Amino acid sequence: MREYLLVLLIAAIFTYVATTVVRRLAFVIGAVTPVRARDVHSVPIPRLGGVGMFFGFAAAVAVGSQLPYLSGLFESRELLGVLLGAGIITLLGAIDDVRDLDWLTKLAGQVLAGGVMAFFGVQLLSIPVFGVTVLPEPVLVTLTIMIVVVSTNAVNFVDGLDGLAAGVVFISAGAFFAWSYLVSHNFDPPNVFTTATFLTAALMGCCLGFLPHNFHPARLFMGDAGALLLGLLLAAATISMTGSVDPASSVAATSATTAFLLPLFLPVAIMALPILDMLLAVVRRTRRGQVPWKPDAHHLHHQLLKIGHSHRRAVAVMYLWAALLAVGAVSFAFFPPLITASVLVLLLVVAAVLTWQPRRRTPTS
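Residues numbered from 1 in each chain as written. Predicted model: local features only at pLDDT ≥ 70, side-chain atom pairs only at ≥ 80, totals over all residues. Heavy atoms only, no water.

Moving on to the overall build of the chain. If you tally the helices and strands in the chain, you get 13 helices and 2 strands. Counting over 365 residues, the chain shows a buried share of 51%. Of the contacts made within the chain by residues no fewer than 6 positions apart, 75% connect residues no fewer than 24 positions apart. (Helix = DSSP H or I, 4+ residues; strand = E, 2+ residues; numbered from the N terminus. Buried < 20%, exposed > 50% of the residue type's maximum accessible area, 1.4 Å probe, protein only. Contact = heavy atoms within 4.5 Å.)

Here is the structure:
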């Protein structure tokens, strides 16, 4: 655990420092977000924060490669593949932050980044359906790339308020870290040093280092460079862990039902909020006859502002839902399903009340 804590701290410190430099660079090269109809900020804000997060992640990888226990992860090429994929996706996002790219170019870049990771070994080896199902390698590679595309776009869609995307991803990564760390105790032989756990520790650090720059009122946006990077790292952790868990493990499940559902359900549940927002946006825009990638001001966070939440309160409500969904899903792996479900339903009711009954602001005289 101490090595993971060091990785988290290195990622956070390097991200914070690098983001300070990147903010100045953004003004110089014109990577500034103007005030648009769908935005909630009132002054132009520099973007490109994802570049700072990439440097934080790269520093975590460099330090991890020198640590006694984590260095064993570098005997394979998986983390090198993730680093290369992260570099590609960050460069793609950074170019888009400076000069808008068309959707097809961005999609091609996401596919390329996923393909590079798959080439270096970060790909699904099986899927947890009916126990463990091994499919032909071309199918598994395609599924791997699809996970990358969905994850990167899901985080990009939810990035609409100051501190929202980084906070939601931090919560998701934290839940994934807890699950992968504890479940890996049941590996044969037990081994808590896994690629997925390393990635989520570094990812939490990147988010922590970036958030001081991005809390409302934000001094810097992560831009596409950041949203795509965070989505790719979450996808890489998911891909690395999925298929590595024995569905019959006493830790991975507490009953036959959860043994079947958890390995398939957990990665989706942990990212439920960004995925839900993306799916709703696609359906909403398609029904209006628009292309799915056309931006609008009707995301979940926009709806919270419309019903009366302040900017910070809307972000806090989104954090609450992300935590309930992610932590609640992970809880099923370690506690009796009936008790877990009962507590989760109660908390969801409380969250619903807080969501739909925003605190009334006291009128000023």
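Next comes the rest of the write-up.
The linkage connecting His216 with the following residue, Pro217, adopts the cis geometry, with an omega of -5°. Relative to the helices and strands, Pro217 resides in the loop between helix 7 (195-214) and helix 8 (223-241). Within the chain, Leu48 stands out as a residue other than glycine whose phi angle is a positive 95°. The residue Leu48 is located in the loop between strand 2 (45-46) and helix 2 (49-64) in this model.

The subject of this paragraph is the environment of Phe176. Mapping Phe176 onto the fold places it in helix 6 (residues 164-183). Separated by 58 residues in sequence, Phe176 and Leu234 place their C-alpha atoms 8.9 Å apart.

Turning to the nonpolar core, a few remarks are in order. Membership of the largest hydrophobic core comes to 75 residues, with the highest contact counts inside it found for Phe57 and Phe198. The leading source of residues in this core is helix 8, at 11 residues. In this view, Phe198 contacts Tyr4, Val7, Ala60, Val61, Gly64, Leu70, Leu73 and Leu79; residues no more than four positions away in its chain are not counted. (Core = buried A, V, L, I, M, F, W, Y, C linked by side-chain atoms within 4.5 Å.)

Further remarks concern the pattern of salt bridges. Overall, the coordinates contain 3 salt bridges when judged by the stated rule. For the salt bridge of Asp96 with Lys106, the shortest nitrogen-to-oxygen distance reads 3.7 Å. In this pair, Asp96 sits in helix 3 (residues 78-98) while Lys106 sits in helix 4 (residues 103-119), placing the two residues 10 residues apart along the sequence. Across the pair Lys106 and Asp224 runs a salt bridge, and its minimum N-O distance is 3.5 Å. (Salt bridge = Lys/Arg side-chain N within 4 Å of Asp/Glu carboxyl O.)

Time to look at empty space enclosed by the protein. Empty space among the atoms becomes apparent when a probe as large as a water molecule is rolled across them. Applying the stated criterion across every chain yields a total of 1 cavity of 30 Å³ or more. The space that makes up the largest cavity amounts to roughly 30 Å³. The wall of the largest cavity is formed by Val168, Ser172, Ala269, Ile270, Met271, Ala272, Leu273, Pro274, Ala322, Leu325 and Ala326. Contributions of two or more residues to the lining of the largest cavity are made by helix 6, helix 9 (256-270), helix 10 (272-287) and helix 12 (311-331). Classifying every residue of the lining of the largest cavity by side-chain character gives 10 nonpolar, 1 polar and no charged. (1 Å grid on protein atoms, 1.4 Å probe; cavity = no way out; pocket = protein on both sides within 12 Å on 5 of 7 lines; lining within 4 Å. Points joined across faces, edges and corners; volume = space filled by probe spheres on them. Nonpolar A, V, L, I, M, F, W, Y, C, P; charged D, E, K, R; others polar.)

For the rest of this paragraph, the subject is the confidence of the model for the chain. Scored by pLDDT, the chain comes out at a mean of 84, with 86% of its residues at no less than 70. Averaged pLDDT values over the elements of the chain bottom out at 56 in helix 9 and peak at 97 in helix 2. (pLDDT = per-residue confidence, 0-100.)

Right, let's talk about the packing of helix 6 against helix 8 for a bit. Where helix 6 meets helix 8, the closest approach of the two axes is 11 Å, and the angle between their N-to-C directions is 15°. As judged from the angle between their axes, helix 6 and helix 8 are roughly parallel. You can see that helix 6 and helix 8 cross each other, and the crossing is left-handed. Contacts between helix 6 and helix 8 involve Ala166, Val169, Ser172, Ala173, Phe176, Trp179, Ser180 and Val183 from the former and Leu230, Leu234, Ala237, Thr238 and Met241 from the latter. (Axes fitted to C-alpha atoms, helices over the stretch in contact; angles between N-to-C directions. Parallel < 35°, antiparallel > 145°, perpendicular 65-115°, else oblique. Left-handed = near helix turned anticlockwise from the far one by under 90°.)

Mapped onto the elements, Asp224 comes out in helix 8. The residues touching Asp224, leaving out its near neighbours within four places in the chain, are Gly93, Asp96, Asp97, Lys106, Asn156 and Leu229.

The next subject is the environment of Val22. Inspection of the secondary structure assignment puts Val22 in helix 1 (residues 2-29). For Val22 and Met53, which are 31 residues apart along the polypeptide, the C-alpha to C-alpha distance reads 9.9 Å. Not counting residues up to four positions away in its chain, the partners in contact with Val22 are Leu48, Gly49, Val51 and Gly52.

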